[in-house]
Amino acid sequence: MPEYSNKMAEVALRLLSETASKILRSQTIEFLYEDILSPLVSFLDVSRVYVFIFCNGEPGRLRSSQVAECVAEGIVPQIDNPRLQNFDMEAMGFTRWMQAFNRGETIVGDIRDFPSKERDVLETQDIKSILVVPIVSDGELFGFLGVDECRKERSWQDLTVFILRNIALLLGNAIERIKLRDSLNQSFWCVVNILSSLTERKDPYMAEHSARVAEISVKIGKRLGLSSFALEGLYIAGILHDIGKMLLPAEILSRPGKLTSQEIALLQTHPSEAFHILKDVQFPWPVAEFIYQHHEYLDGSGYPHGVKGEQIATEARILGVADVLEAIASHRPYRPARTIADARLFLKQSSGTLFDPRIVSIAIDLLDNQKILDPDSSNP
Ligand SMILES: [Fe+2]
Ligand SMILES: [Fe+2]
């Protein structure tokens, strides 16, 4: 006969499925702990629930730290106990635990039955009974999830052990997923940084210009109501929008005076060149397409394809406005400086013909309120 009723099993399953969905939604490991520990204290009716994680100490030795904890009313928390931070599991007398964890086993029971070295440490935390399960992530021992009972001796029900083991399993999977995502994110930003520093080496003004175009675009995008996900893609497109110019001769990028018609034709290949550089990069947004279209105009008079209106992605239309604004209003050594008023006038005159009127009016509003192209406008 099971030690628990059908009712309890049903509540336990609900707790597990709620925990699973919290774990699936979690974006950071820290939030994950907070989210799942507190319901466990009341559901399992225990004194403490906590997570310890391991890090490598001397070769072959694992050190451990408590990283999260939830306690029942009247129970002394241990999260600030210095003995539980960065300690050597084996030196502290917990070799048996490490061996059990490595076999995927649980440590459970009344601490009166534990070896004296373990008992000495556990008694200082008023623990009478304990249940601890390993957390494994990506095949490696990551840490452990445990519950303490300080108020009475207690025998742990199979159901409690089952819940804790399953939550540890879910935690291990979630940690693996978050670590993988973080490392993917890191390599992704690495690619973006390499590309933009290549631009900078070719032309320092171009890097500065691109960073400002990215910043202005995001401010416009925010006002237009784009999601934070879309804004991230827009920012990257801004940073990389002129990357195609890397393939053009440096002289035509920075030479004062008028360009010849052949030079203009060459310059106008930069969106297509960018498209070819970026089209195989697996961004989560169609960054290559946005950049391909950043010189297309609403009325079809832009390049490279002369597409018009709705055929131009919103992100590309934003980039186009941000690009022209930045280019007109900022100083370049190879041409006379123009003013923000010039940029404003040009945008107004081109609203509805070259540029999307909604985007122009947002850009002008941002300009008029010194939110962009102003030295003090670094905050939105
Ligand atoms: Fe461009
Ligand atoms: Fe540009």
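The coordinates are above.
Since we're looking at a predicted model, the values are computed, not measured. (Residues numbered from 1 in each chain as written. Chains lettered and ligands numbered in written order. Predicted model: local features only at pLDDT ≥ 70, side-chain atom pairs only at ≥ 80, totals over all residues.)

Student: Sorry, what's going on with the overall build of the protein chain here?
Tutor: Scanning the protein chain for helices and strands turns up 14 helices and six strands. Its C-alpha atoms give the protein chain a radius of gyration of 30 Å, more than 25% over the compact-globule value 21 Å for 380 residues. Structurally, the protein chain occupies a C-alpha span of about 90 × 45 × 35 Å along its principal axes. By residue count, 33% of the 380 residues in the protein chain fall in the buried class. Put simply, of all contacts in the protein chain between residues at least 6 apart along the chain, 59% involve residues at least 24 apart. (Helix = DSSP H or I, 4+ residues; strand = E, 2+ residues; numbered from the N terminus. Rg over C-alpha atoms; globule rule 2.2 N^0.38 Å. Buried ≥ 20, exposed ≤ 12 C-beta atoms within 10 Å, placed from the backbone. Contact = placed C-beta atoms within 7 Å.)

Student: Sorry if this is basic, but what is going on with the pairing of strand 6 (residues 140–149) here?
Tutor: Regular strands show a simple pattern: their side chains alternate between the two faces of the sheet. Where burial is concerned, most of strand 6 is hidden: eight out of the ten residues are buried. Both strand 1 (residues 48–56) and strand 6 contribute to a ladder of six bridges, which runs antiparallel. When the sheet's bridge partners are listed, Val51 is paired in strand 6 with Leu145. Looking at chain direction, strand 5 (residues 129–137) and strand 6 are connected through nine bridges and run antiparallel. Its bridge partner lying in strand 6, Val136 is registered against Leu141. The antiparallel hairpin formed by strand 5 and strand 6 contains two residues in its connecting segment, where Asp138 sits at a positive phi of about 55°. (Pairing = 2+ DSSP bridges.)

Student: I tried to follow the sheet that holds strand 4 (residues 107–110) on my own but got confused; where do I start?
Tutor: Within a sheet, adjacent strands bond to each other through the backbone by hydrogen bonds, running parallel or antiparallel. Taken together, six strands build an open sheet; the order of strands is 3-2-1-6-5-4 and the sheet is antiparallel. Of all the strands in the sheet, the pair left with one neighbour each is strand 3 (87–88) and strand 4. Two elements, strand 4 and strand 5, share four bridges in a ladder whose sense is antiparallel. Bridging from a neighbouring strand, Gly109 pairs with Ile130 of strand 5. Strands strand 2 (62–71), strand 4, strand 5 and strand 6 of the sheet are contacted by helix 3 (residues 95–102), whose axis makes an angle of about 120° with strand 6. Contacts between helix 5 (residues 158–202) and the sheet are confined to strand 4, strand 5 and strand 6, with strand 5 contributing the most and set at about 30° to the helix. (Axes fitted to C-alpha atoms, helices over the stretch in contact; angles between N-to-C directions.)

Student: Would you mind going over the packing of helix 6 (residues 204–223) against helix 14 (residues 357–368) with me for this structure?
Tutor: Describing two packed helices takes the angle between their axes plus the distance from one axis to the other. Contact geometry of helix 6 with helix 14 gives a least axis separation of 10 Å together with a crossing angle of 115°. Classed by the angle they form, the pair helix 6 and helix 14 counts as roughly perpendicular. Helix-helix and strand crossings are classified by hand; for helix 6 and helix 14 the assignment is right-handed. When helix 6 is examined against helix 14, the residues Lys219, Ile220 and Arg223 are found in contact with a partner set consisting of Ile359, Ile362, Ala363 and Leu366. For the contact of helix 6 with helix 14, a count of residues per class yields five nonpolar, no polar and two charged. (Parallel < 35°, antiparallel > 145°, perpendicular 65-115°, else oblique. Left-handed = near helix turned anticlockwise from the far one by under 90°. Nonpolar A, V, L, I, M, F, W, Y, C, P; charged D, E, K, R; others polar.)

Student: Hey, could you run me through unusual backbone geometry in this one?
Tutor: The bulk of non-glycine residues show a negative phi, and the bulk of peptide bonds are trans. The omega torsion across Tyr303 and Pro304 is 10°, close enough to zero to call that bond cis. You can see Pro304 is positioned in the loop between helix 11 (287–292) and helix 12 (314–329). Its identity is not glycine, yet Asp45 carries a phi of approximately 50°, on the positive side. Asp45 gets classed as partly exposed once you count the C-beta atoms within 10 Å, which come to 13.

Student: What's the story with the nonpolar core in this structure? I'm lost.
Tutor: Buried together is how nonpolar side chains tend to be arranged in soluble globular proteins. Counting 42 residues, the largest nonpolar core has Ile220, Leu240, Ile291, Val321, Leu325 and Ala363 as its most contacted members. Per-element accounting of this core gives the leading share, eight residues, to helix 12. Ignoring any residue separated from it by four or fewer positions in sequence, one finds Val321 in contact with Ile220, Leu347, Phe355, Ile359, Val360 and Ala363. Among the nonpolar cores identified, the runner-up in size contains 41 residues, and Ile36, Leu37, Leu40 and Trp97 belong to it. (Core = buried A, V, L, I, M, F, W, Y, C linked by C-beta atoms within 7 Å.)

Student: Explain the environment of Tyr33 to me, please; I cannot follow it from the model alone.
Tutor: On the secondary structure map, Tyr33 appears in helix 2 (residues 29–44). When the C-alpha atoms of Tyr33 and Tyr50 are compared, they prove to be 8.5 Å apart, with 17 residues separating the residues in sequence. Excluding residues within four positions of it along the chain, Tyr33 makes contact with Val51, Val67 and Ala68.

Student: How do you make sense of the packing of helix 5 against helix 7 (residues 228–240) when you look at a structure like this?
Tutor: For the pair helix 5 and helix 7, the least separation of the axes is 9 Å and the interaxial angle reads 25°. As summarised for this structure, helix 5 and helix 7 are arranged roughly parallel, according to the angle between their axes. Where helix 5 approaches helix 7, its residues Val192, Leu195 and Ser196 are matched on the opposing element by Ile236, Ile239 and Leu240. Partitioning the contact of helix 5 with helix 7 into residue classes produces five nonpolar, one polar and no charged.

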